[in-house]
Amino acid sequence: MSDRSAIEWCDATWNPVTGCTKIVAGCDNCYAARFAELFRGVPGHPYEPGFDLTLRPERLKQPLGWRQSRMIFVNSMSDLFHKDVPDEYIDRVFETMEAADWHRFQVLTKRSSLMRDYLRRRYATRTPPAHIWMGVSVEDKKSRVRVRHLQAAPAGVRFLSIEPLLRPLGKIDLTGIHWVLLGGESGPRARPMDADWVREVRDQCIENSVAFNFKRWGGLRPKARGRLLDGREWNEFPSRPAASAPAEAA
Ligand code: SF4
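Numbers given for residues are sequential positions, taken from 1 along each chain in its written order. A pLDDT threshold of at least 70 governs which residues receive local features in this predicted model, and a stricter bar of 80 or more applies before side-chain atom pairs are shown or counted, although totals over entire chains, interfaces and linings include all residues. Only heavy atoms go into the side-chain values, all of them from the structure, while hydrogens and water stay out.

Chemist: So what's going on with the site of the ligand? Which residues, and what values?
Modeler: Neighbouring residues of the ligand: C20, T21, K22, C27, C30, F51, S78, D79, K110 and R111. Three classes are used: nonpolar for Ala, Val, Leu, Ile, Met, Phe, Trp, Tyr, Cys and Pro, charged for Asp, Glu, Lys and Arg, and polar for all others, with Gly counted as polar. Residues belonging to the shell around the ligand are distributed by class as follows: four nonpolar, two polar and four charged. The rule for a residue being near a molecule or strand is that one of its heavy atoms must lie within 4 Å of it.

Chemist: Break down the pairing of strand β7 (residues 157–162) for me, citing the residues and quoting the values.
Modeler: Burial classes: relative accessible area under 20% of the type maximum marks a residue as buried, over 50% as exposed, and values in between as partly exposed (1.4 Å probe, protein chains only). The secondary structure listing takes helices from DSSP runs of H or I that are at least 4 residues long and strands from runs of E that are at least 2 residues long, numbered from the N terminus. Taken across its six residues, β7 has six buried, putting it largely inside the fold. Because side chains alternate across β7, one face comprises the buried residues V157, F159 and S161, and the other comprises R158, L160 and I162, equally buried. The pairing criterion is simple: DSSP has to find at least two bridges between the two strands. Across five bridges, the pairing between strand β6 (residues 132–137) and β7 is parallel. Each residue of the ladder has a partner; that of W133, found in β7, is V157. The handedness rule is simple: strands pointing away from the viewer, and a clockwise path from the first strand over the helix to the second, make the crossover right-handed. A crossover links β6 with its parallel partner β7, the connecting element being helix α4 (residues 145–151), and its sense is right-handed. Of the pairings in the sheet, the one linking β7 to strand β8 (residues 179–183) comprises four bridges and is parallel in character. Bridge pairing in β8 places I162 opposite L182.

Chemist: Go over the pattern of salt bridges with me, naming the residues and quoting the values.
Modeler: In the sections that follow, a salt bridge refers to a side-chain nitrogen of Lys or Arg positioned within 4 Å of a carboxyl oxygen of Asp or Glu. Using the criterion set out here, one finds 20 salt bridges in the structure. R121 is paired through a salt bridge with D87; the nearest N and O atoms lie 2.7 Å apart. Residue R121 is found in helix α3 (residues 112–122), and its partner D87 is found in helix α2 (residues 87–99); the two are separated by 34 residues along the sequence. With a shortest N-O distance of 3.0 Å, R202 and D203 are connected by a salt bridge. Here D203 falls in the partly exposed class, since its relative accessible area comes to 36%. Beyond isolated ion pairs, a larger network of salt bridges with shared partners links D196, R199, R202, D203 and D230.

Chemist: Pulling in residues and values, what's your account of the pairing of β8?
Modeler: Burial analysis of β8 places five of its five residues in the buried class, which makes it a mostly covered element. Alternating residues of β8 divide into W179, L181 and G183 and V180 and L182, and every residue in both groups is buried. Note that β8 and strand β9 (residues 211–216) share five bridges and pair parallel. In the sheet register, G183 faces β9, and the bridge partner there is R216. Regarding the hand of the β-α-β motif, the stretch spanning β8, helix α5 (residues 195–207) and β9 is right-handed.

Printed below as a string of structure tokens:
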């Protein structure tokens, strides 16, 4: 949890849950796991439990105390829709996000079917708030199924986080998607990303009028290779569309 973030595309991170378990290839070099495990067993450290899933109820109301509007990445150190996070706890996270409507919240998951099912229940009879942005991670062709789950979920803004991009994605259905973030992997075991894989995604965003944000090439050090693609930065953010119903049934 932090009220300031070093992540370029948000102003703050908020971790009412920490810890997670790896489920797909995109998790192999998870930064959050690496970081949290550094402190396992250190008495009194917030990451004393390492990367074990841990609910942090004392942090639940934190964004309500931040009076200035911020772009908040929710659970940068976990996945809110992990199967061991009870629905009642997710309810409390959403209650805070709904009440703190002067912020924008970005919720990103790899547990996309659980997210879809939760949002369908929560917004069955009301409009999902436009300041809560819901996203899924995509790293290879197989994971495109998460895009279908996201399209089938009621959400104010829908986004894809394509990071780390591990293989070419081919054609992506961008119906109902407002924003695409893309980046290569960083760290000592970073897997390479081909420029043509990136261009293929960017061109589909342009074709479909979807905001495109290229975060970085990645490599051993996150910023060493910069973030220029074809001679320029790509820094687009979604305009604030009216909250939208599911694009299709899953
Ligand atoms: S789902 Fe996200 S937080 Fe959880 S292990 Fe995978 S990359 Fe890490």
